Structure formats: structure tokens, C-alpha cells
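Observations on the three-dimensional arrangement
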Amino acid sequence: MRKRVFSGARPTGRQHLGNYLGALQNYVKLQDEYDCIYCIVDIHALTTVEDVSNIQNNIYEMTLDWLAAGIDPKRSITFVQSHVPEVMELHTLLSMVTPLSWLLRVPTFKEKAKLQPHNVNYGLVGYPVLMTADIVLYKAEAIPVGEDQLPHLELAREIVRRFNSLFGPTFPEPEAKLTSFPMVLGLDGKQKMSKSLDNHIEIALSPEETVKRVRTAVTDPARQYRTDPGNPGICNIHFLHGYFNQTEQQRYAMMCRKAEVGCVEHKNVLADEINKALAPFHERRAALATNPQYVKDVLADGAQRAQVVARETLVEVKKKMGLL
Ligand code: ADP
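Fair warning: this is a prediction, and the values are worked out from it, not measured in the lab. All residue numbers here refer to positions counted from 1 along the written sequence of the relevant chain. Only residues with pLDDT of at least 70 get local features here, since the model is predicted, and only at 80 or more are side-chain atom pairs given and counted; chain-wide, interface and lining totals rely on the full set of residues. Hydrogens and water are ignored here; the side-chain numbers use all heavy atoms of the structure.

1. Brief notes about helix 10 (residues 236–244)
- Buried residues are those whose accessible area, probed at 1.4 Å on protein chains only, stays under 20% of the maximum for their type, while exposed residues exceed 50% and partly exposed ones sit between those limits. We count a stretch as a helix when DSSP gives it H or I for four or more residues in a row; a strand needs E for two or more, and each element gets its number in order from the N terminus. Burial within helix 10 is extensive, with 8 of its 9 residues counted as buried.
- Burial in helix 10 covers these residues: N236, I237, H238, L240, H241, G242, Y243 and F244.

This is the structure:
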């Protein structure tokens, strides 16, 4: 049997270049070597989302992005987390072997608690336990994620080790699979690209919208005039260019240092490269969008296939924990 891959993302809407370069490209590639399970983790979304009216539409838009990017639903199970409720049962069982102190020290919990002091809910603390349940329910071994997820994954490994030592070998220790771009910076050039920071470029934007969005990027702040030489080493346009065309990235870096190219021109070149690279994705996405029923069917079929594995694991866990 091939090893299993699992990964999930919250239904926050259309995917951006950070998701695409940091995770989604790996989702697609790993299908050749692994049995892959990709999950839209809607329950996780409830830890931070207070306006739930968009969740269903976000699930749809994200599924379109995933399928258009190359996730093949015949080979890979693609489903929505809450459609396989066994994960909530496993979450409760794993919570019994997870010391609270481990959860309270997770950096993202502290950050989120600061960001939403009015809503430091129980689910926010338990987020990594639910994430562990997502992974181990399918006994997944390889987890394609961006760098930001590494602390969560380390905790998942600790929970697995604890469970296995208490109840006997049950789950493999999941390992992260990073892409060569595990941390894509946003248009501000300082923080990770993220929808919530509004520094992102959605991959489903039209070519014209992409040009407009790229033009808002911050470049070398010391370069005020076209005649000033620039410093590509601190310019995110330079880094983003490298994701799409390394030869041109180097050529433009040289020209920038000699003030032979302006920032606006460089941004236009980058936007063109992005649009060129994403053209086949846009074509597939437009075709898929003509058939919303197909997207629904993919998710329904995925949930059914995932549930077969989930039920098996849950029986094994309950037996080991003395519940059966
Ligand atoms: P979640 O909140 O479930 O992590 P996200 O939409 O934030 O969902 O992320 C989905 C995937 O994309 C995760 O694997 C995450 O690590 C990755 N990712 C998100 N932002 C970036 C980024 N700026 N650079 C690299 N990878 C990223």
C-alpha cells in the first residue's frame, strides 16, 4: 500500500499565491507517489470566523481552486471536514491524552488570543488536537504544509508519541513536506502572505486584476526616484519574480541595482509572469465553474471514501482506549 498524505486548509475563500506556492503545488505533485487526502477544514474555521454566512461559498471557491490547480478527485480524496463527523469523536478522545500545558504554549494560540480577545474560545486552544485528529484518522504520514504550520505539526507528533506509548503503536508520526517556497511574503514585503492581512494575490484574479494588485506591492523603500539604484535583496517583487522565472529574476536584479529598470516596469513584468504561469489554471477554473453540481459531487464522493477509513480507525482507537 502507498503511504498516505493528508492536508487541510480552512475555507477562507479563494486561494492566494502563498497557499499556491507554499502548499497547493505540493498537493498536486504528491498525487503521483502517495494516496492523498485533501480536506477543507470547515470546523477549524469556526475558531476564528464569526460571520458564518460565507462558509458554503468559500468551500465552493476553494474546491474550484484546488481542482483547477490539478487535484485529481479520482486519485485523491477531496472532502469537507464536517462531512466526516468521526473526526470530532477522535478529537475528544485525543484531548484526553493531551496535556493542557502543551496547548497553551503554542505560539499561534497566543497570537490568536491577542487578535480576538473577545473570543478566546475553547476550540481555539484545541485547534492542534483537532488538526492531529484530522491527520491520524487517516494514519497519514506526509503532510504538505507551509512553514507556518510546523509548530502545529510538531505538537501532532508529540500527541501521536504519547498515544502510542499509552495504548500501543497505532499511528505513524506525521512528517511535514515543505515546498521550495515554504514562506511567501505578502505585498507589504514584511509579513507572510495572508488573506487576513490583506497583503495577498488571489490566484483566481483576472490578468488585469493581477496587474493592479501587483502594482500595490512595497519595494525598496529607500528607492524614491527611477534614477536611484535599488536593492533587490530587500524587495519582495524580486523574490516573487524568482518563483516564476529565475533567469529573468537575476537579469532584473542587475538592472535594478544599476537603475536601468523602474519598480513599476518590474512589477508589470512580474504580473505578466504570474499571468502566464496561471493561464492554464484560469482556463480549467472557468470550465469547472460552469458545472457547480460536479464540484458538489466531488465533495460528496470524497466524504464517502474518507468515512470508510475514518470508521475503521475509530473502532481501533476505541478498542485500545477500553471503550469497546
Ligand atoms: P490554514 O488556516 O488552515 O493554515 P491557510 O489558508 O492559512 O489555511 O493555509 C493553507 C495552506 O497554505 C497551509 O498549508 C499553509 O501553511 C499554507 N500557506 C498559507 N500562507 C502561506 C504563505 N504565505 N507562504 C507559504 N505557505 C502558506
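That shown, we press on.
2. A word on the site of the ligand
- Whether a residue is near a molecule or strand depends on its heavy atoms: if one lies within 4 Å, it is near. The ligand sits among 17 residues. The nearest are R10, G146, D148, Q149 and V184.
- Contact distances for the ligand include 3.3 Å between an oxygen atom and a side-chain N or O atom of N19.
- Definition of a polar contact: a pair of N or O atoms within 3.5 Å, with one able to donate and the other able to accept a hydrogen when the atoms are protein atoms, and with sequence-neighbouring residues admitted only if both atoms are side-chain atoms. Take G146: an N or O atom from its main chain is 2.8 Å from an oxygen atom of the ligand.
- Only the protein chains shown count as cover for residues, and the accessible areas themselves come from Shrake-Rupley with a 1.4 Å probe. Out of a free accessible area of 540 Å², the ligand has 93% covered by protein chains.
- The leading source of residues in the shell around the ligand is helix 1 (residues 17–30), at 4 residues.
- In this count, Pro and Cys sit with the nonpolar residues alongside Ala, Val, Leu, Ile, Met, Phe, Trp and Tyr, while Asp, Glu, Lys and Arg are called charged and the others, Gly among them, polar. When its residues are assigned to classes, the shell around the ligand shows 8 nonpolar, 6 polar and 3 charged.

3. Quick notes on empty space enclosed by the protein
- Here a cavity is any set of points on a 1 Å grid over the protein atoms alone where a 1.4 Å probe fits but cannot get out, and a pocket is any open set with protein on both sides within 12 Å along at least 5 of 7 lines; a residue lines the site when it has an atom within 4 Å of a point. Grid points are joined across faces, edges and corners, and a volume is the space filled by probe spheres set on the points. Tallying each qualifying case throughout the model produces 3 cavities of 30 Å³ or more.
- Considering only enclosed or pocket space, the largest cavity measures out at about 90 Å³ in volume.
- Along the walls of the largest cavity sit 13 residues, with R223, C235, C256, C263 and H266 positioned nearest its centre.
- For the lining of the largest cavity, the secondary structure elements donating two or more residues are helix 10, helix 11 (246–257) and helix 12 (263–288).
- With 3 residues, helix 11 is the single largest residue contributor to the lining of the largest cavity.
- Tallied by class, residues from the lining of the largest cavity come to 7 nonpolar, 4 polar and 2 charged.

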